[in-house]
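Observations on the three-dimensional arrangement
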Amino acid sequence: MSRKSLPLLVTLSLSVLLQSEAGFAQNFDALEYRNVGPTRGGRVTAVAGTVQAPGTFYLGASGGGVWKTSDFGTTWNNISDGYFASPSIGDIAASQSDTNLLYVGTGSDGLRSNVIPGKGVYKSINGGDSWTHIGLENSGHIGAVEIDPTDNNTVWVAAIGSAFADNPERGLYKTEDGGVSWSQVLKISDAVGIADVELLPNNPEVVFAAAWKARRQPWTIISGGTQEEGGLFKSVDGGDNWRRITEGLPTGLIGKIDIAISASDSSVVYALVEAPGEEGGLYRSDDQGETFTQVSAKKGLRIRPFYYGNVEADPTDANVVYVLATDYFKSVDGGVSWEELDPPHGDNHDMWINPNDPQLFIQANDGGANVTHNGGLTWSSQFNQATTELYTVDVDDQYPYWLYAGQQDNGTAIAVPSRAPYSVQNVNAWLIEAGGCETGPAIPKPGDHTTVYANCKGRFSTFNKNTGTERSYYVGATNMYGQNPRDLKYRFQRVAPIAVSPHDPNVVYHGSQYLHRTSDNGVTWETISPDLTAFEADKQVVSGSPITRDVTGEEVYSTLYSIRESAIAPGVIWTGSNDGPVHVTRDGGESWDDVTPRGLPKGGRVDSVEPSRHDPAVAYIAVLRYQLGDDKPYAYRTSDYGKRWTLMTDGKNGIPRDYPVRVVREDPVRPGLLYAGTDSGLFVSFDNGDSWQSFQQNLPVTPVTDIRVHRDDLVVSTMGRAFWVLDDISALRQDPMPDMGDAVVLFEPAETVRYRERPTYGDKDPDAIPQYREPSAIIDYYLPEGFDGTVLVEITTADGEPVNAFTTTDAMDKDDRGERVDNMALNEIRYIKQSSLTADEGLNRFHWDMRYRGPWRSNEKRRFTGGALAAAGDYTITLTAGDKTVTQPLSIVMDPRVLEMGVTEEDVQAQLALQRQVLDLLDKARRKAHSLESELESLDAGDSPRRSAVENAIRLLVTEEGTYMQPRLISQISYLSRMLDRADQEPGGEALARFDELQAEYEAVLKGLEG
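Conventions adopted
Residues numbered from 1 in each chain as written. Predicted model: local features only at pLDDT ≥ 70, side-chain atom pairs only at ≥ 80, totals over all residues. Heavy atoms only, no water. Helix = DSSP H or I, 4+ residues; strand = E, 2+ residues; numbered from the N terminus. Buried < 20%, exposed > 50% of the residue type's maximum accessible area, 1.4 Å probe, protein only. Contact = heavy atoms within 4.5 Å. Areas by Shrake-Rupley, 256 points an atom, 1.4 Å probe, with all protein chains shown as cover. Lys, Arg positive; Asp, Glu negative; His and termini not counted. Charge placed at Lys NZ, Arg CZ, Asp CG, Glu CD. Core = buried A, V, L, I, M, F, W, Y, C linked by side-chain atoms within 4.5 Å. Disulfide = S-S within 2.5 Å. Phe/Tyr/Trp six-rings, centres within 6.5 Å; stacked < 30°, edge-to-face > 60°. Axes fitted to C-alpha atoms, helices over the stretch in contact; angles between N-to-C directions. Parallel < 35°, antiparallel > 145°, perpendicular 65-115°, else oblique. Left-handed = near helix turned anticlockwise from the far one by under 90°. Nonpolar A, V, L, I, M, F, W, Y, C, P; charged D, E, K, R; others polar. Salt bridge = Lys/Arg side-chain N within 4 Å of Asp/Glu carboxyl O. Pairing = 2+ DSSP bridges. pLDDT = per-residue confidence, 0-100. Expected span 1.5 Å × (residues − 1).

In this section: the overall build of the protein. Broken down by element type, the protein carries 6 helices and 67 strands. Across its three principal axes, the protein shows a C-alpha extent of roughly 110 × 75 × 55 Å. Classification of the 1011 residues of the protein by burial places 60% in the buried group. Within the protein, residue pairs in contact and separated by at least 24 positions form 58% of the contacts whose partners lie at least 6 positions apart. Surface accessibility of the protein: about 37900 Å² in total, with carbon and sulfur atoms responsible for 46%. Taken as two groups, the 90 positive and 142 negative side-chain charges of the protein have centres that lie 3 Å from each other.

This is the structure:
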C-alpha cells in the first residue's frame, strides 16, 4: 500500500467500523488489486499549470482524481489518491506565485447523467504531495476555483450545487484565510448555483460571477431559467455587493455562462452564453463588462452547453479567444471568425495557457489531457493516463482471460488482458477494440472468444475480433436520436443490457422495455415479455429544457437496465429497469411476476440483478437512486423468487448511508459471500449481507461499476480508473475465514496455471500500468495477533521430494527489485531476487514462482534463486509458524495454450529433468570456483604445482572480467540453462549433447586438480 493511500483508507475503515453493528472486521492488507489498464485517458474536465514551472501541469478527471506531470505531459502520476473523498474534479487552481500551492474543487461541472458528486475543496502546500480538506463538503459540483493573484489566501469557489436536487449550498464562496473559513457572498436560490467566477487581473476586487439553474433528472437535463434564475453578476468591492449585468445580453431565458477576461487588456470580457435560438453564442465587452455585444452566434460554440461551454482568452492578445465544445475553436479577431484546432480527441472541456508563452498550453477533453508546445499543431499523448471510465466488465475464457467493457467517449468497446498474453513492443498494443461503442456492454461468446456480442446505445451487433468487423442486428432498426421516448416502438437506454444464457452460448438476451431473445447471433429476435418497466407518462419527454434540446438516448427512461438468467435453473430470468421495477420469469418468458421490493422507493435504476449460483430462489439486486437526489445504498436479497426482500444496506451495518450501491455479486463457490461495488469503493460480506466491511485495499476511491468473479479472481471495472484485478480470492471462501482467532491458518491455494513469462530485452518499470503479475502460485496464511516468530514455507512433490523452501529470515523488501542481469547473448534482461515471505499479524500472502531451489550463488541475497520451473502436478505446501505446522495441497496445471501447441506433460517432465541436471552442474561448478578462489587467496605467492593447477582451473571455470571476454565453463552452463528455460518444449538433441559436453569439461577440470 502506498504512503498516500493511508489517510483516506484509514478514515474509510474507521467510519465503516463506527457504523457497523457487526463488531468483527478482518484485516485484508495482504491482498492488493492490480490495475490492468488501459492507459488510454478518460474524460478530463479541468486542467491547470503554473508559470513558475512551465513543464508542470495538472489534470482533473471526472472520475479519476487529480494527476500531475512535470515533463510537459510525457508522464502523469495521480496525486489525489488517499486524500480525496471524491474522484470527480470540478476545477484546479494553481498559484502563479508559489509552485507548491494548489486548490481543487471536486464535483465535475460537466453534468452528464453519470456525473459523480463532489465532496468539497482540497488544498496542497507541497505541490500535491499531500492534501487537506478545507470545507464546502456539500457544495455538490464546483464550476470554478480562482486564487486572488495578489493574495494566495483569498480564494473564490463557484458552487453549482447538487446535480440531482436543490440544495442551500449553491452559490459563490470566498475565503480570506486559505480555507479556514468561508463566506457565501452570492446566493440566488436553492435551485440556482454559480457556474463560473473570474477576477479582473489587475484589480481582483472586481469580480464576475455567472449564475446557472441546473438540474439533472433521469429523464431530462434542465439547464437555464428566467432572468431571475441566472445571468451575469459583477462586484467592484470584493463580493460585498453585486449587481446584475444585462446590457447587451439576452433578455429572456438564460442558461449556463462561462466568462473569460483578457490579461493583456482587462477592459475586454468574453461571455459564452446559453440562450434560445440565435441569442446564444459568444458576447464581448470592451468596458469591463458594463455592456456586451454578441460577436458570434456560431452554432458549434454552444452545442450541449451543460456539458461543455468554456471560453478562454489568450493572456497576451485580447483578440485571441478559444471556445471548447464538441469541437475546439480559435479566433484571432475577437470572436468574429473561427478556425478549428485538432486535439487528439473531441468533446473539449478546459484549457490553461502559459502567460509567458501562449503557444504552450494544456487542453482537456473526453480522451484525457494533452500538452502542446506549438499552439496546437502537435500534442502530448493521451495513452499515459489510466483514467478510463468503464460501465461494466465481462470476461472471456481465454488463457489468460481478457476483460471487456464499454469505455466512455471511446469509438468502440474495449478489451484488455488480465495478464501479459504474448510479447508486444508497447503494452498499449494489448488494448483492442471489441465492437459496439462507448456505452457497451461487450460480452465475449463462451467457447468462442473471437465473437463478441456488442451494443451501442441499443444497437446490437456481433463483432469478430479476427476481422475487426461487426454484423449489425438492431432490434427495431430505428434511429432513436432526437425522438420522444413515448413515440419509440422499442425504448433503449444508451447502456442497453445484453446477457448470454449460461446454458447455451447461442442464446442471448437484450433489453428495451421488453426482453428480447435470439439464438442465431441476432439474425432473428423474439420478444418474450410484456413491458417490464413502470412507464410513467410524465417521464416520457424530449430531454433538454428549457433552452437546449439534448436527445442522445442518455435520458431514455423506462427501459431495462439489467438482465440475468439463473446459472442453475434454466428459464429463470431476472430483469431490472432504470425506473424501478424488478421482474422474474420461471418459465423462460411465458409468464412474468413483478417482484419489486415493497419498501423500495419508486423510480430508481436497478443497476444489477444477480441470481444465486447456489439456490435458484435466491437473488440479489442493487438499485441506484442518486439521480433522484437520494444517496442512500439500496441492496436487497430474496430467498423466495422475490416474494419477500431483505434490505442489506441500512447505513449502519458496514456500508455508509451515503454510499450508493451499484452492483452486488455472489461468490460462485461460497454461499453468502458477497461483493458490493459502491460509488466510493468496494465492500465484502461473509454473512449474506447482514454485515459488510471495506474491501478497498489499494483500490482508489472511484465508483465501482461492475464486478465479476472469474477463475478465483475478483475482476472490477471503475468509472474513472480503468480495470482492476484481485488475484486469487480462494482464501475468502474457506473456513475459518473471516474470523481465524488465535489459530495459525494455511489456506488451500487455488489451482494454478503454469504460465511462463517470455524473456524480453528491455528494462521494465515496476510502477507502470498495466500491472501484470509474474507467474506464481499464491499462498495465503494467517498468523494470530501477537505472533512473533519465524515462518517457514516448504513445497514438496506428491512423492515428498523437496522442491523449495522459504523463511522470513531470507525475505527481501518487496520494493527491492533484485539483481539486474543483462544477457545480450540471450537478448534478455531479468531480475534475480529472493521471494518475500512475511510474518505479519493477520493475513499474509506469498507468491511462489513455481520454481525449484536454484543453484548456489556467492551473493547470499540471490542464493538458490533461478531454479527450474516445476512441472504440472500435485504438490504439498507445509507452513511452520513457531511451533505450529499445517499443510495444504497445491495443484499446478499446464497452460492450455501449450497443450494446444502439441507440447505434452511428458515433454515438460523431460525438460525439467534436463534442466535440473544442468542446474545441478551449475551449482557444483560455482561452488568449486568459489572454493578454489578462496584457496588461491590462502596459497603462498610464487610458483607451485598446486597454485598453477588452481589458477588453471579457475581460468577454465570463470569468465575473465572485461568486455566481450570468452565465456568459460560456468557461463556456458548458465547459457544452456537459460536456453532451456525460455518455453515449454521437448528438449532438443543439441541441448542433450551440449550437456554431456559440459559435464565432461567439468570432470576434466576436476581431474586437472588431482595432479
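Counting residues in hydrophobic clusters, the biggest one holds 57 residues, and the most contacted among them are Trp848 and Leu957. With 10 residues, the single largest contributor to this core is helix H3 (residues 905-938). Setting aside residues up to four positions removed in sequence, Leu957 forms contacts with Ala925, Lys928, Ala929, Leu932, Arg968, Leu969, Ile970, Tyr1002 and Val1005.

Moving on to the state of the cysteines. Going through the model one piece at a time under the given rule, you end up with 1 disulfide. One disulfide in the model links Cys437 with Cys456; its S-S distance is 2.0 Å. Negative torsions about the S-S bond denote left-handed disulfides, and the value of about 95° found for Cys437 with Cys456 makes this one right-handed. Within this pair, whereas Cys437 is found in the loop between strand E33 (432-433) and strand E34 (442-445), its partner Cys456 is found in strand E35 (residues 448-456), the two being separated by 19 residues in sequence. Grouping residues by exposure puts Cys437 and Cys456 together as buried.

What follows covers the packing of aromatic side chains. Enumeration over the complete set of coordinates arrives at 24 aromatic pairs. An angle of 85° between the planes, with centres 5.1 Å apart, marks the rings of Phe28 and Phe695 as edge-to-face. Within this pair, whereas Phe28 is found in the loop between helix H1 (6-19) and strand E1 (33-37), its partner Phe695 is found in the loop between strand E54 (693-694) and strand E55 (704-710), the two being separated by 667 residues in sequence. Residue Phe28 is classed as buried on the basis of its relative accessible area of 2%. Judged by its relative accessible area of 0%, Phe695 is buried. Relative to Tyr557, the ring of Trp219 has its centre 5.1 Å away and its plane inclined at 50°; by these criteria the two rings are tilted.

Turning next to the packing of H3 against helix H5 (residues 969-979). Remark: H3 packs on H5, axes separated minimally by 9 Å, with the N-to-C direction vectors making an angle of 155°. As judged from the angle between their axes, H3 and H5 are roughly antiparallel. For the pair H3 and H5, the crossing hand works out as left-handed. From H3, Gln915, Val918, Leu919, Leu921, Leu922, Ala925, Arg926 and Ala929 reach across to H5, where they touch Ile970, Ile973, Ser974, Leu976 and Ser977. Here the residues of the contact of H3 with H5 sort into 9 nonpolar, 3 polar and 1 charged.

Our focus in this paragraph is unusual backbone geometry. That bond from Tyr399 to Pro400 is cis: its omega, -15°, falls within 30 degrees of zero. Here Pro400 is to be found in the loop between strand E30 (394-395) and strand E31 (402-405). With an omega of 5°, the peptide bond between Ile769 and Pro770 qualifies as cis. Within the secondary structure, Pro770 is located in the loop between strand E59 (752-754) and strand E60 (777-783). A positive phi is found at Gln288, a non-glycine position, where the angle reads about 55°. If you trace the backbone, Gln288 turns up in the loop between strand E21 (281-285) and strand E22 (293-296). On the accessibility criterion, Gln288 (26% relative accessible area) is partly exposed. Not every positive phi belongs to a glycine, and Asp347 is a case in point at roughly 65°. Along the chain, the position of Asp347 falls in the loop between strand E26 (339-340) and strand E27 (348-353).

Under the counting rule described, the total for this entry stands at 51 salt bridges. For the salt bridge of Asp286 with Arg284, the shortest nitrogen-to-oxygen distance reads 3.1 Å. Its relative accessible area of 14% is what places Arg284 among the buried residues. Note that Arg947 and Glu951 form a salt bridge whose closest N and O atoms lie 3.3 Å from each other. Here Arg947 pairs with Glu951, and both are found in helix H4 (residues 945-957), just 4 residues apart, close to one helical turn. Classification of Arg947 by relative accessible area gives buried; the value is 18%. The partly exposed category is assigned to Glu951, whose relative accessible area is 28%.

Time to look at the sheet that holds strand E45 (residues 582-585). If you trace the 4 strands from one edge of the open sheet to the other, you get E43-E44-E45-E46, paired in antiparallel fashion. Two strands in the sheet have a free side with no partner beyond their single neighbour: strand E43 (560-565) and strand E46 (593-594). Two elements, E45 and E46, share 2 bridges in a ladder whose sense is antiparallel. Opposite His583, over in E46, you have Asp594 as the bridge partner.

On to the confidence of the model for the protein. On average, residues of the protein score 93 in pLDDT, and 94% of them are at 70 or above. Note on residues 1-23: pLDDT under 50 across the span, and 50 contacts to partners over four residues away in sequence or across chains. Counting interchain partners and residues more than four positions distant, the pLDDT-below-50 stretch residues 817-833 has 58 contacts.

Take helix H6 (residues 989-1010) next. In a regular helix each residue adds 1.5 Å, so 22 residues correspond to 32 Å; H6 covers 32 Å between its end C-alpha atoms and thus fits that length. Where H6 is buried, its residues contact H3, H4 and H5.

The next subject is the environment of His930. By secondary structure assignment, the location of His930 is in helix H3. As a C-alpha pair, His930 and Arg112 span 818 residues in sequence and 69 Å in three-dimensional space. If we ignore the near neighbours within four places in the chain, the residues touching His930 are Trp856 and Ser858.

Glancing now at the packing of H3 against H6. Close contact between H3 and H6 brings their axes to 11 Å; oriented N to C, the two are set at 25°. Compared by their axis directions, H3 and H6 come out roughly parallel. When the axes of H3 and H6 are compared, the crossing they make is left-handed. Contacts between H3 and H6 involve Leu914, Gln917, Val918, Leu921, Lys924, Ala925, Lys928 and Leu932 from the former and Ala991, Leu992, Phe995, Leu998, Gln999, Tyr1002, Leu1006 and Leu1009 from the latter. Partitioning the contact of H3 with H6 into residue classes produces 12 nonpolar, 2 polar and 2 charged.

The sheet built from 4 strands is open, its strands ordered E47-E48-E49-E50 with antiparallel pairing. Each having just a single partner strand, strand E47 (605-611) and strand E50 (646-647) make up the two edges of the open sheet. Here 6 bridges tie E47 to strand E48 (residues 619-624), and the two strands are oriented antiparallel to one another. Residue pairing for E48: Glu610 is matched across the bridge by Tyr620.

Burial analysis of strand E12 (residues 171-175) places 5 of its 5 residues in the buried class, the great majority of the element. Looking at chain direction, strand E11 (residues 151-161) and E12 are connected through 5 bridges and run antiparallel. Bridge pairing links Ala158 to Leu172 in E12. Both E12 and strand E13 (residues 183-186) contribute to a ladder of 3 bridges, which runs antiparallel. Paired with Leu172 across the two strands is Leu186, which belongs to E13.

Bridge analysis of E34 against E35 gives 4 bridges, and the strand direction is antiparallel. Pairing of Pro444 across the sheet is with Val452, part of E35. Where E34 folds back onto E35 in an antiparallel hairpin, the turn is made up of 2 residues, including Gly447, whose phi is positive at roughly 85°.

Turning to the environment of Arg216, a few remarks are in order. Checked against the element boundaries, Arg216 lands in strand E15 (residues 203-217). Look at Arg216 and you get buried, because its relative accessible area is 0%. Considered as a pair, Arg216 and Glu555 are 339 residues apart in the sequence and their alpha carbons are 9.5 Å apart. Setting aside its immediate chain neighbours within four residues, Arg216 contacts Leu111, Arg112, Ser113, Ala163, Phe164, Ile221, Phe306, Glu555 and Gln627.

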